[in-house]
There are 2 protein chains.
Amino acid sequence: MQKTTAAPAKFTHVQCGSCPIRHRAVCARCDTDELERLEETKYYRSFEAGQTIVWSGDRMDFVGSVVSGIATLTQTMEDGRRQMVGLLLPSDFVGRPGRETAAYDVVATTDLVMCCFRKKPFETIMLDTPHVGQRLLEMTLDELDAAREWMLLLGRKTAREKIASLIAIIARRDASLKLQSSEGRVVVDLPLTREAMSEYLGLTLETVSRQISALKRDGVIQIEGKRHIIIPDFDLLIEEAGDDSDGGFLV
Amino acid sequence: MQKTTAAPAKFTHVQCGSCPIRHRAVCARCDTDELERLEETKYYRSFEAGQTIVWSGDRMDFVGSVVSGIATLTQTMEDGRRQMVGLLLPSDFVGRPGRETAAYDVVATTDLVMCCFRKKPFETIMLDTPHVGQRLLEMTLDELDAAREWMLLLGRKTAREKIASLIAIIARRDASLKLQSSEGRVVVDLPLTREAMSEYLGLTLETVSRQISALKRDGVIQIEGKRHIIIPDFDLLIEEAGDDSDGGFLV
DNA sequence: CGATAGCCTTGACGCAGATCAATCCGATGC
DNA sequence: GCATCGGATTGATCTGCGTCAAGGCTATCG
């Protein structure tokens with residue numbers, strides 16, 4: 001057993017880059033064997049596009065993070081109205097330590113790979129290894145900020161603004177993963193169906209479709225096929241989104 | 001200097017019952033002097049109804065929790081549209097450790113007392129004293145759940161359902177503080193103006209007013225004055241709220 | 001090749017909630 | 001007493017988005 005000492009090293013103990021554990025790379029305080037214990041319980045799971053990972057209310061005995069693909073968290077009312085409340089892109093975390101059952105439907109909207117830990121051992125590690133909890137707190141605070149931005153969108157934005165916002169959000173997340181902006185012009189592949197977009201935005205899918213057509217007609221975006229979108233002027237899109245958050249492409 | 005040992009004791013080191021520190025009561029691992037260091041930086045602040053505590057974007061060098069009164073977090077778009085994104089009742093926490101400036105307008109909607117800590121020392125304590133971070137993680141996860149419930153409300157509920165939901169939410173929070181339910185019949189004092197309610201719900205204040213009148217007309221609620229509400233049958237209110245979450249009065 | 005299925009688009013129409021405007025009610029001050 | 005002011009109510013009208021319905025595009029399969 002050895003202590004890792006001193007300066008932040010470019011060193012990732014856990015190969016999967018998306019886990020909260022990743023943060024160890026800049027933590028000089030944790031024992032290797034604590035992470036090793038966690039490693040033991042780690043496993044990967046794959047899901048097909050459209051597959052439901054857990055239903056709201058069902059037992060959920062793992063936590064984990066998305067390695068590749070897209071998943072969504074969705075709430076459903078008795079009469080079937082659905083609202084997406086979480087969009088999980090690669091590196092996002094799912095699962096609440098300390099909760100037995102899922103609070104939302106978790107659905108893979110594309111083919112998906114997740115990196116999972118069984119919940120019990122994960123909770124133990126969290127208690128023993130402060131920086132894991134600290135990392136998780138950071139991530140949760142980020143989620144909360146995103147949720148609040150999302151609330152503004154749901155409560156006050158028009159359909160057109162909602163669509164523009166969603167495209168911008170995905171473009172930004174996309175770019176922060178695989179840097180590809182070339183001054184103003186940005187390209188995105190929407191990873192969501194029109195229906196999924198409508199569940200994200202609190203609209204119907206017809207309205208989503210109409211507004212996308214409108215943005216296209218007005219030259220704010222160009223479309224190839226159904227999902228491939230070219231944004232000639234990102235600042236213009238941001239303007240359409242009615243966003244007061246700083247308009248830069250990379251925040 | 002002494003270690004607190006062994007079993008969870010009914011013991012609150014910090015008199016203010018609302019701090020994240022409160023959790024120490026059931027933590028056997030922290031040094032008293034760590035908390036004492038924190039105590040040193042603790043101070044109380046009072047605000048008058050209507051006073052803005054910080055503006056979005058301004059420097060915010062403290063964190064803290066509400067002791068008494070109500071505060072709100074609100075986002076504003078350039079053209080003035082406003083959406084509330086946080087409702088802070090007694091015991092709720094404000095402020096993100098690690099962030100320099102406020103991300104939202106924080107406004108006292110009633111006379112308010114807050115228990116504050118300067119941010120820097122608080123962050124230090126958080127690093128040194130794991131259970132404080134753990135408690136904060138729990139609280140943040142609760143906030144996130146609340147935000148997601150709120151998103152369902154904003155995205156999919158009708159005006160009538162939104163009003164019923166808000167009344168139920170406040171009644172529940174109220175009751176969990178000062179137990180006062182008497183089987184079915186519940187009494188609440190709304191701590192918000194119609195305008196604040198409209199900012200919470202993503203509606204106009206006229207619609208709020210109309211829907212409250214409608215619920216009154218239909219016997220779902222009774223009203224004395226402007227703000228004092230009697231709910232003859234809480235289950236009926238829950239039904240009006242379209243809530244799938246378990247309908248019990250105390251969750 | 002045509003048939004089926006999933007996803008998307010477009011049109012016609014109706015309604016929930018926004019907007020604009022007038023009035024009311026209770027508290028506070030002179 | 002009356003005037004003022006902030007909050008709340010109520011009415012009349014307008015409109016953005018939902019609803020219902022028809023049809024198009026592309027991929028997959030027989």
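In the block above lies the structure referred to throughout.
Computed from a prediction, not measured in an experiment: that's the story for all the values here. Each chain carries its own residue numbering, running from 1 in the direction its sequence is written. As they are written, the chains are lettered A onward and the ligands numbered 1 onward, keeping that order. Since the coordinates come from a predicted model, pLDDT governs what is reported: local features require at least 70, and pairs of side-chain atoms require 80 or more to be given and counted, while whole-chain, interface and lining totals use all residues. Water and hydrogen atoms play no part in the side-chain values, which are based on all heavy atoms of the structure.

(A) Highlighting helix α5 (residues 194–201) of chain A. All names here are of chain A. When a residue's accessible area, from a 1.4 Å probe over protein chains only, is under 20% of the maximum for its type it is buried; when over 50% it is exposed; and in between it is partly exposed. We count a stretch as a helix when DSSP gives it H or I for four or more residues in a row; a strand needs E for two or more, and each element gets its number in order from the N terminus. Among the eight residues of α5, six are classified as buried, and the element is accordingly described as predominantly covered. Within α5, the full set of buried residues consists of Ala196, Met197, Ser198, Glu199, Tyr200 and Leu201. The positive-phi residue at the C-terminal boundary of α5 is Gly202, with phi of around 70 degrees.

(B) Molecular detail of the sheet that holds strand β9 (residues 186–189) of chain A. Residues and elements named next belong to chain A. What the three strands build is an open sheet, ordered β9-β11-β10; its pairing is antiparallel. The open sheet has two edge strands with one neighbour each: β9 and β10 (222–224). Within the sheet, the average angular offset between the axes of one strand and its neighbour, ignoring direction, is 25 degrees. Only strands that DSSP links by at least two bridges are regarded as paired with each other. In terms of strand pairing, β10 meets strand β11 (residues 228–231) through three bridges, oriented antiparallel. Bridge pairing in β11 links Gln222 to Ile230. Simply put, an axis is a line fit to the C-alpha atoms, just over the touching stretch for a helix, and the angle between two N-to-C directions goes from 0 to 180 degrees.

(C) Geometry of the pairing of strand β5 (residues 82–88) of chain B. All names here are of chain B. Among the seven residues of β5, six are classified as buried, and the element is accordingly described as predominantly covered. Where strand β4 (residues 71–76) meets β5, six bridges bridge the pair, whose relative direction is antiparallel. Along β5, the bridge assignment pairs Ala71 with Leu88. Between β4 and the antiparallel strand that follows it, β5, lie five residues; Gly80 among them carries a positive phi value of about 100 degrees.

(D) Just the relation of the copies chain B and chain A, in detail. The two copies are related by a screw operation: chain B maps onto chain A through 180 degrees of rotation and 0.0 Å of translation along the axis, at an RMSD of 0.0 Å. On the angle and the small slide along the axis, the relation comes out as a two-fold axis. Any two residues whose heavy atoms approach within 4.5 Å at even a single point are treated as in contact. With an isologous cut-off of 70% or more, the 100% of interface residues of chain B that recur at the interface of chain A puts this contact in the isologous class. To superpose the copies, least squares is applied to the C-alpha atoms of every residue with a pLDDT of at least 70 in both.

(E) Here's a closer look at the packing of helix α2 (residues 119–128) of chain A against helix α3 (residues 130–156) of chain A. Residues and elements named next belong to chain A. Where α2 contacts α3, the two axes come as close as 5 Å, and the packing angle between them is 105 degrees. The angle between α2 and α3 places the two elements in the roughly perpendicular class. Along the contact surface, α2 presents Phe122, Ile125, Met126 and Asp128, while α3 presents Pro130, Val132, Gly133 and Leu136. Basically, the charged four are Asp, Glu, Lys and Arg, the nonpolar ten are Ala, Val, Leu, Ile, Met, Phe, Trp, Tyr, Cys and Pro, and anything else, Gly included, counts as polar. Here the contact of α2 with α3 is built from residues that sort into six nonpolar, one polar and one charged. The scheme is simple: roughly parallel for angles under 35 degrees, roughly antiparallel for over 145, roughly perpendicular for 65 to 115, oblique for anything else.

(F) Quick look at the protein's contact with DNA strand D. By convention in this text, a residue qualifies as near a molecule or strand provided that one of its non-hydrogen atoms is within 4 Å of it. Every one of the 16 residues lining DNA strand D counts as a neighbour, but Thr207 and Arg210 of chain A together with Arg194, Arg210 and Ser213 of chain B are closest to it. Backbone atoms, meaning sugar plus phosphate, form 63% of the atoms of DNA strand D positioned within 4 Å of the protein. We define a polar contact as two N or O atoms separated by no more than 3.5 Å, with the added condition that, inside protein, one atom must be a possible hydrogen donor and the other a possible acceptor, whereas residues neighbouring each other in sequence contribute only through side-chain atom pairs. One nitrogen or oxygen atom from the side chain of Glu206 of chain A is found 3.3 Å from a base nitrogen belonging to DNA strand D. Measuring from a phosphate oxygen of DNA strand D, one finds a side-chain N or O atom of Thr207 of chain A at 2.4 Å. Put simply, the parts of the chain that give the surface near DNA strand D at least two residues each are α6 (205–217) of chain A together with α6 (205–217) of chain B. The dominant element in the surface near DNA strand D, judged by the number of residues it contributes, is α6 of chain B, at four residues.

(G) Highlighting the protein's contact with DNA strand C. What surrounds DNA strand C is a group of 16 residues, the closest being Arg194, Ser209 and Ser213 of chain A together with Thr207 and Arg210 of chain B. Backbone atoms, meaning sugar plus phosphate, form 63% of the atoms of DNA strand C positioned within 4 Å of the protein. Side-chain polar atom of Glu206 of chain B to a base nitrogen of DNA strand C: 3.3 Å apart, as the coordinates give it. Sorting the residues of the surface near DNA strand C by element identifies α6 of chain A together with α6 of chain B as the ones contributing at least two each. Sort the elements by how many residues they give to the surface near DNA strand C and α6 of chain A lands first, with four residues. For the surface near DNA strand C, the class distribution of residues is two nonpolar, seven polar and seven charged.

(H) Local environment of the pattern of salt bridges. Counted as salt bridges are all cases of a side-chain nitrogen of Lys or Arg within 4 Å of a carboxyl oxygen of Asp or Glu. One pass over the full model with this rule turns up 30 salt bridges over all chains. The closest approach of N and O atoms between Arg81 of chain A and Asp79 of chain A, which form a salt bridge, is 2.9 Å. We classify Arg81 of chain A as partly exposed; its relative accessible area is 23%. By relative accessible area, Asp79 of chain A is classed as exposed at 52%. Each of Arg96 and Arg99 of chain A together with Asp142 and Asp145 of chain B takes part in a single network of salt bridges with overlapping partners.

(I) Quick look at the interface of chain B and chain A. Taken residue by residue, the interface counts 49 residues in chain B and 49 residues in chain A. Using a 1.4 Å probe, buried area is obtained as the accessible area two parts lose upon being combined, added over both of them. For the pair chain B and chain A, the summed buried area comes to about 4300 Å², and 54% of that belongs to carbon and sulfur atoms. Of all residues in chain B, the largest losses of buried area upon contact with chain A belong to Arg148, Met151 and Arg156 of chain B, amounting jointly to 19% of the total for that side. For the interface between chain B and chain A, the tally reads ten salt bridges. In this structure, the salt-bridge partner of Arg96 of chain A is Asp142 of chain B, at a minimum N-O distance of 2.9 Å. Inspection of the chain B/chain A interface yields 26 residue pairs in polar contact (both at pLDDT 80 or more). Elements with a contribution of two residues or more to the side of chain B that touches chain A: β4, β5, α2 (119–128), α3 (130–156) and α5 (194–201) of chain B. In the side of chain B that touches chain A, the residues fall into 19 nonpolar, twelve polar and 18 charged.

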